[in-house]
Amino acid sequence: MNNIVAIVGRPNVGKSTLFNRLIQRRDAIVDSVSGVTRDRNYGKSEWNGKEFSVIDTGGYIKGSDDIFEGEIRKQVELAIDECDAIIFMVDVEEGITPMDDEVAKLLRKVTKPVILAVNKVDNSKRMTDALEFYNLGLGEYFTIGAMNGSGTGELLDKLVEVLPELPEAVEDENPLPRFAVVGRPNAGKSSIINALIGEDRFVVTDIAGTTRDAIDTTYNRFGFEFNLVDTAGIRRKAKVKEDLEFYSVMRSVRAIEHSDVCILVIDATRGFEGQDQSIFWLAEKNRKGIVILVNKWDLVEKETMTARDYERKIREQIQPFTDVPILFVSATEKQRLLKGLETAVEVFENRKQKISTSKFNDLMLPIIENQPPPALKGKYVKIKYCMQLPTPVPQFVFFANLPQYVKDPYKRFLENKLRENYNFSGVPIDIYIREK
């Protein structure tokens, strides 16, 4: 599991810009209107070989009547509780504001590492202006320009230095696979686990978000043995009203990071909504095996082809990663739940399969010879050798004379051929092209 780093501060100091720089993607909305970030963004970053998860929080405002700003303040307080290190951002153009003082007051009580980042420092005059931030009582600060990246290297050096060492994972002789049951609130995750283990281990109500924490259950029946993790529901962040629910979101993120296979439960009566897609891509981004269970199927009015149409719609929404098992189940009627477990076990086996290099070359090289990568600028790409990397998740490397000319469509072609010949159902695959 990764350390979690939260970027906190009042609105409009550049938190989202720094977040995007750290995860090297434009994920958060960046706007000069203050308070644009009303949710937490989640991403992964890596520096000096150390990987960590980054949470971009909304701006922190004290004593404001604005409901959003009140929510944002709560989010920041909870992020402080739940994360392992904090980057506190301030703006050199505006100097220390009363709001910065409020945040600093909170952070001075925190025992976790706090790094003060003074943003928008892009000339020597502003270097001098930054000296006033010593008055916040947080000690040393780092001057950065989140927009152009200046100073972020030193900031990250310090960050990975102060991140707590994670305990070494204890290697079991035969570690049990971990299956995380994830999904939006009230999709029926706890009902499914209760039906599987044959007892009411979890409280089930019609109120969304009854389960607050990620709970482990060892499952040993019908020839299966693994850990089932029931996570609290991940809901669209604009709806996170209660303090506890923010913990739920954070812990679900941790449960996904720490699992082998994610069983994504969706509510058949609501369809595959945006939030279900977010959870799906969170699991895919973390390279986890995925099985989709469409629960409450007994409540859907059936017509001819309903299941097929429903499945087709889901696959359209999860492109290009469509090789995912989708099952229609009912927790109350106990329909096809065991089939769902069997499928999760198969996905787990698919994820850890290893292909011998000689067999892999015998299969892929003739395919590549028949359909080589398209020539670019008159240069012909030749792939002479390929192999599976010795990593916990399926990753394949193809050695070429001009790797920079092999574009994403051809990588997808290679992945499709791989999936046609080997069963990687439910498992994300990484394809790398390297110079031979």
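So, a few notes on the structure that sits alongside this text.

Reading the values: the criteria
Residues numbered from 1 in each chain as written. Predicted model: local features only at pLDDT ≥ 70, side-chain atom pairs only at ≥ 80, totals over all residues. Heavy atoms only, no water. Helix = DSSP H or I, 4+ residues; strand = E, 2+ residues; numbered from the N terminus. Buried < 20%, exposed > 50% of the residue type's maximum accessible area, 1.4 Å probe, protein only. Contact = heavy atoms within 4.5 Å. 1 Å grid on protein atoms, 1.4 Å probe; cavity = no way out; pocket = protein on both sides within 12 Å on 5 of 7 lines; lining within 4 Å. Points joined across faces, edges and corners; volume = space filled by probe spheres on them. Nonpolar A, V, L, I, M, F, W, Y, C, P; charged D, E, K, R; others polar. Polar contact = N/O pair within 3.5 Å; in protein donor to acceptor, adjacent residues only side chain to side chain. Phe/Tyr/Trp six-rings, centres within 6.5 Å; stacked < 30°, edge-to-face > 60°. Axes fitted to C-alpha atoms, helices over the stretch in contact; angles between N-to-C directions. Parallel < 35°, antiparallel > 145°, perpendicular 65-115°, else oblique. Left-handed = near helix turned anticlockwise from the far one by under 90°. Pairing = 2+ DSSP bridges. Core = buried A, V, L, I, M, F, W, Y, C linked by side-chain atoms within 4.5 Å. Salt bridge = Lys/Arg side-chain N within 4 Å of Asp/Glu carboxyl O. Expected span 1.5 Å × (residues − 1). Arc of directions from axis to C-beta.

Observations concerning the overall build of the protein
Along the protein, the regular secondary structure elements total 12 helices and 15 strands. Of all 436 residues assigned to the protein, the portion counted as buried reaches 52%. Of the contacts formed within the protein by residues at least 6 apart in sequence, a portion of 68% connects residues at least 24 apart.

Points about empty space enclosed by the protein
With the rule as written, the count across this model stands at 2 cavities of 30 Å³ or more. Quantified by volume, the largest cavity comes out at close to 60 Å³. When residues of the lining of the largest cavity are traced back to their parent elements, those giving at least two are helix 6 (189–197) and helix 10 (337–352). It is helix 10 that provides the largest number of residues to the lining of the largest cavity, a total of 3 residues. Each residue belonging to the lining of the largest cavity can be placed in one class, and the counts come to 8 nonpolar, 1 polar and no charged.

Details of unusual backbone geometry
Cis geometry is found at the peptide bond from Q319 to P320, where omega equals 5°. Tracing the backbone through its elements, the reader meets P320 in the loop between helix 9 (306–317) and strand 12 (326–328). Located in the positive-phi region is N48, a residue other than glycine, with phi close to 50°. Secondary-structure assignment places N48 in the loop between strand 2 (41–47) and strand 3 (50–56).

Quick notes on the environment of D323
Along the polypeptide, D323 turns up in the loop between helix 9 and strand 12. With relative accessibility at 26%, the residue D323 sits in the partly exposed group. Residues D323 and R419, spaced 96 residues apart in sequence, show a C-alpha to C-alpha distance of 8.2 Å. Apart from residues lying up to four places away in sequence, D323 is in contact with R419, F424, S425, G426 and V427. In this structure the side chain of D323 is engaged in a polar contact, spanning 3.2 Å, whose partner is the side chain of R419.

Describing the packing of aromatic side chains
All told, the structure shown has 12 aromatic pairs when counted by the stated rule. Seen in terms of ring centroids, F280 and W281 are 4.9 Å apart; in terms of plane orientation they differ by 85°. Their pairing is edge-to-face. Since its relative accessible area comes to 27%, W281 is described here as partly exposed. Linked through ring pairs, F360, F396, F398 and F424 together constitute an aromatic cluster.

A closer look at the packing of helix 11 (residues 357–370) against helix 12 (residues 408–421)
Each pair of packed helices can be summarised by the angle the axes make with each other and by the distance between the axes. One can describe the packing of helix 11 onto helix 12 by two numbers: an axis separation of 11 Å at closest approach and a directional angle of 135°. Put simply, helix 11 runs oblique to helix 12. The interaxial crossing formed by helix 11 with helix 12 has right-handed handedness. Side by side, helix 11 and helix 12 meet where F360, L363, M364, I367 and I368 of the first sit next to Y410, F413, L414, K417, L418 and N421 of the second. Of the residues in the contact of helix 11 with helix 12, the class split is 9 nonpolar, 1 polar and 1 charged.

Some words on the pairing of strand 7 (residues 178–182)
With 5 of its 5 residues buried, strand 7 lies for the most part within the structure. Residues R178, A180 and V182 of strand 7 are buried on one face, and the alternating residues F179 and V181, pointing to the opposite face, are buried as well. Across 4 bridges, strand 7 lies against strand 10 (residues 261–267) in parallel orientation. Bridging from a neighbouring strand, F179 pairs with V261 of strand 10.

A few points about the nonpolar core
Counting 27 residues, the largest nonpolar core has L264, I266, F280, I292, V294, Y310 and I314 as the members making the most contacts within it. Looking at which element gives the most residues to this core, the answer is helix 8 (residues 274–285), with 4 residues. Y219, L228, V261 and V347 belong to the second largest nonpolar core, which has 26 residues in total.

Some thoughts on the pattern of salt bridges
This model, assessed by the stated rule, comprises 17 salt bridges. Across the salt bridge formed by D323 and R419, the nearest N and O atoms sit 3.2 Å from each other. On the criterion of sequence distance, the pair formed by D323 in the loop between helix 9 and strand 12 and R419 in helix 12 is long-range, its members being 96 residues apart. Salt-bridge contacts for E349 lead to K352; the nearest nitrogen and oxygen are separated by 3.8 Å. Placement of both E349 and K352 in helix 10 is noted, with a separation of 3 residues, approximately one turn of the helix. Overall, E349 belongs to the partly exposed group, its relative accessible area being 40%.

Section: the environment of A344
As for its position among the elements, A344 is in helix 10. When the C-alpha positions of A344 and D260 are compared, they lie 9.7 Å apart, and in sequence the two are 84 residues distant. Excluding residues within four positions of it along the chain, A344 makes contact with F179, V261, I263 and V291.

A few points about the sheet that holds strand 15 (residues 430–435)
One open sheet holds the 3 strands; their spatial order is 13-14-15, and the pairing between them is mixed. At either end of the open sheet lies a strand with only one pairing partner, and these are strand 13 (383–388) and strand 15. The mean angle between the axes of side-by-side strands here comes to 20°, regardless of whether they run parallel or antiparallel. Against the sheet, helix 11 engages strand 13 and strand 14 (395–400), with an angle of about 140° to strand 13.

Details of helix 10
The end-to-end C-alpha distance of helix 10 is 23 Å, a good match for the 22 Å that 16 residues give at a rise of 1.5 Å each. Among all positions in helix 10, only L337, G340, L341, T343, A344, V347, F348, N350 and R351 are buried.

A word on helix 3 (residues 98–108)
Think of an α-helix as 3.6 residues a turn; residues three or four steps apart then line up on the same face. For helix 3, the full list of buried residues reads D100, V103, A104 and L107. Viewed end-on, helix 3 has its buried residues packed into an arc of 100°, placing them on one side of the element.

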